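Structural overview for review
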Amino acid sequence: MITVHESQGKTAWVDLFEPTGEELAQACSRYGLDIPPRSRLEEIEFSSRLQYEDGVFTLSVPVTANHGGEDGPTTPLGFVLTRDILVTVRFSHLHVFKAVTERVARRPRTAPDIFMVILEGMVDHSADRLEYLRDKALKVSGHIFRKRHDRRRRDSRLAGPLLGNVLLAIGGMGARLAHIRDTLLVLQRAVPFIAEHGDGWLEAPIKARLKMTGADVQSLNDYEVHLTDKIQFLLDAALGFINVEQNELFKVMTVWSVAGIPPVLVAGIWGMNFHYMPELSLHWGYPLALATIALSTAIPLAWFKLRGWW
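Residues numbered from 1 in each chain as written. Predicted model: local features only at pLDDT ≥ 70, side-chain atom pairs only at ≥ 80, totals over all residues. Heavy atoms only, no water.

**Details of a nonpolar patch on the surface**
Together, Leu265, Ile269, Met272 and Phe274 line one region of the surface with nonpolar side chains, adding up to about 400 Å² of accessible area. Checked against the element boundaries, Met272 lands in the loop between helix H8 (261-270) and helix H9 (285-306). For Met272, a relative accessible area of 38% gives the class partly exposed. (Patch = residues over 30% accessible without salt bridge, like charges linked within 9 Å, V, L, I, M, F, W, Y side chains within 5 Å. Areas by Shrake-Rupley, 256 points an atom, 1.4 Å probe, with all protein chains shown as cover. Salt bridge = Lys/Arg side-chain N within 4 Å of Asp/Glu carboxyl O. Helix = DSSP H or I, 4+ residues; strand = E, 2+ residues; numbered from the N terminus. Buried < 20%, exposed > 50% of the residue type's maximum accessible area, 1.4 Å probe, protein only.)

**Regarding the layout of surface pockets**
Considered as a void within the structure, the second largest pocket measures approximately 250 Å³ in volume. For the lining of the second largest pocket, the element with the highest residue contribution is strand S2 (residues 10-17), accounting for 3 residues. Taken together, the residues that form the lining of the second largest pocket break down as 3 nonpolar, 4 polar and 4 charged. (1 Å grid on protein atoms, 1.4 Å probe; cavity = no way out; pocket = protein on both sides within 12 Å on 5 of 7 lines; lining within 4 Å. Points joined across faces, edges and corners; volume = space filled by probe spheres on them. Nonpolar A, V, L, I, M, F, W, Y, C, P; charged D, E, K, R; others polar.)

**A look at the pattern of salt bridges**
One pass over the full model with this rule turns up 8 salt bridges. Among the ionic pairs, Asp34 bridges to Arg40, the shortest N-O distance being 3.5 Å. For Arg40, a relative accessible area of 31% gives the class partly exposed. For Asp135, the salt bridge is made with Arg134, and the minimal N-O distance between the two is 3.3 Å. In this structure Asp135 comes out as partly exposed when scored by relative accessible area, which is 36%. Residue classification places Arg134 among the partly exposed positions, given a relative accessible area of 35%. Linked through salt bridges whose partners overlap, the residues forming this network are Arg107, Asp113, Glu120 and Arg209.

**Quick notes on the nonpolar core**
Counting 55 residues, the largest nonpolar core has Phe79, Leu86, Phe115, Ile118, Met122 and Ile170 as the members making the most contacts within it. At the level of elements, S2, strand S4 (56-67), strand S5 (70-81), helix H4 (95-106), helix H5 (111-145), helix H6 (159-197) and helix H7 (204-259) are the ones that each hand at least two residues to this core. Ranked by the residues each element gives to this core, the list is headed by H5, at 15 residues. For Met122, the contacting residues outside a window of four places in its chain are Val61, Val63, Leu77, Phe79, Val96, Thr183 and Leu187. Val14, Leu16, Val80 and Phe91 belong to the second-largest nonpolar core, a separate cluster that totals 13 residues. (Core = buried A, V, L, I, M, F, W, Y, C linked by side-chain atoms within 4.5 Å. Contact = heavy atoms within 4.5 Å.)

**Topic: empty space enclosed by the protein**
Scanning the entire structure with this criterion turns up 1 cavity of 30 Å³ or more. There is about 110 Å³ of room inside the largest cavity. If you trace the largest cavity, you find 11 residues lining it, with Val63, Thr64, Val96, Met122 and His125 closest to the centre. When contributions to the lining of the largest cavity are tallied by element, the ones reaching two or more residues are S4, H4 and H5. At 4 residues, the largest contribution of residues to the lining of the largest cavity is made by H5. Split into classes, the residues belonging to the lining of the largest cavity amount to 4 nonpolar, 6 polar and 1 charged.

**Description of the confidence of the model for the chain**
Taken residue by residue, the chain gives an average pLDDT of 79. The fraction at 70 or more is 91%. Taken element by element, the predicted model of the chain shows its lowest mean pLDDT in strand S1 (residues 2-7) (72) and its highest in strand S6 (residues 86-90) (85). Below a pLDDT of 50 lies the segment residues 149-154, which in the model reaches 4 contacts outside its immediate sequence neighbourhood of four places, other chains included. (pLDDT = per-residue confidence, 0-100.)

**With respect to the packing of H7 against H8**
One way to put it is that H7 packs onto H8 with a least axis distance of 4 Å and a crossing angle of 25°. For the element pair H7 / H8, the angle class is roughly parallel. Of H8, the residues touching H7 (which contributes Ser257, Val258 and Ala259) are Ile261, Pro262 and Pro263. Broken down by class, the residue content of the contact of H7 with H8 amounts to 5 nonpolar, 1 polar and no charged. (Axes fitted to C-alpha atoms, helices over the stretch in contact; angles between N-to-C directions. Parallel < 35°, antiparallel > 145°, perpendicular 65-115°, else oblique.)

**Things to note about a negative patch on the surface**
There is a patch of like negative charges on the surface, built from Asp124, Asp128, Glu131 and Asp216. With 3 residues, the single largest contributor to the negative patch is H5. (Lys, Arg positive; Asp, Glu negative; His and termini not counted. Charge placed at Lys NZ, Arg CZ, Asp CG, Glu CD.)

**Examining the packing of aromatic side chains**
Using the criterion set out here, one finds 3 aromatic pairs in the structure. Here the aromatic rings of Tyr52 and Phe57 are separated by 4.4 Å at their centres, their planes lie at 45°, and the arrangement is tilted. Classification of Tyr52 as partly exposed rests on a relative accessible area of 27%. Centroid distance Phe57 to Phe193: 6.0 Å. Interplanar angle 70°. Geometry classified as edge-to-face. Here Phe57, found in strand S4, pairs with Phe193, found in helix H6; they are 136 residues apart in sequence, far enough to count as distant. The class of Phe57 is buried, set by a relative accessible area of 1%. Judged by its relative accessible area of 16%, Phe193 is buried. (Phe/Tyr/Trp six-rings, centres within 6.5 Å; stacked < 30°, edge-to-face > 60°.)

**A short note on unusual backbone geometry**
The backbone of Glu18 shows a phi angle near 45°, a positive value even though the residue is not glycine. For Glu18, the position within the fold is in the loop between S2 and helix H1 (21-31). Residue class for Glu18 comes out partly exposed when judged on its relative accessible area of 46%. At Asp54, a residue that is not glycine, the phi angle is positive and equals roughly 55°. Given a relative accessible area of 71%, Asp54 falls into the exposed group.

Rendered as structure tokens:
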């Protein structure tokens, strides 16, 4: 689908949404530009993502698609920018484009101005997603650390499912953070690239906005590194608590197995079939055996309890 946005009677922005081969060829012929197909936009080397030739910028930025408010897979977003026209190539619905379209419709804008509006929208969206992940990381941190040392043993059966859900949440945050990192890394290279090669024809206000956007991208990259460290810490903590829960389980099993050895020994001795066993003739032999078995079980358990091992 081709959407054309005009400014002062001239075409300033052409948006290609999931273009077919025919639509792509039609746009290339109409505007005299080499608009890259998806296969070229998906190349990962920076020499393919950032190109400038004969006054034309060709850029490719990986962005996260939106599906019903949830993050979808990463798709390429292509830009072909000249002094007079901007062409965008996208293959999914993107959060920023609706707001950008509304801003562009408010007043006449040049192609570099529209490009900056899209760029600033992408940076703002990345910042919002980082803030969302920060809040989610704080909630996960609370689930992991809040009052864990005060939990009663009757709640230990819930520890496994809770920690499993925590691991799922941490995995989801890590995946989202990786998508944001991909976008910010390309933007970090793209902004100075545009400022350097477009210095001869970009207007002063656009250069100032590029400088400010570059500073924002750098600060977001720094915060993304901090958030990555935080998520890694939460992952290590969750795995550590899982090990603690497993050790607690093994400790209980070990205590009961050790406490079960003396009564088994007593029962084994009195269960032997020798002809002469004085205890067999005792009137209170059976209650004595039961009491001895119970006592031989209670003494190890009491010892473990006094030593703080259980």
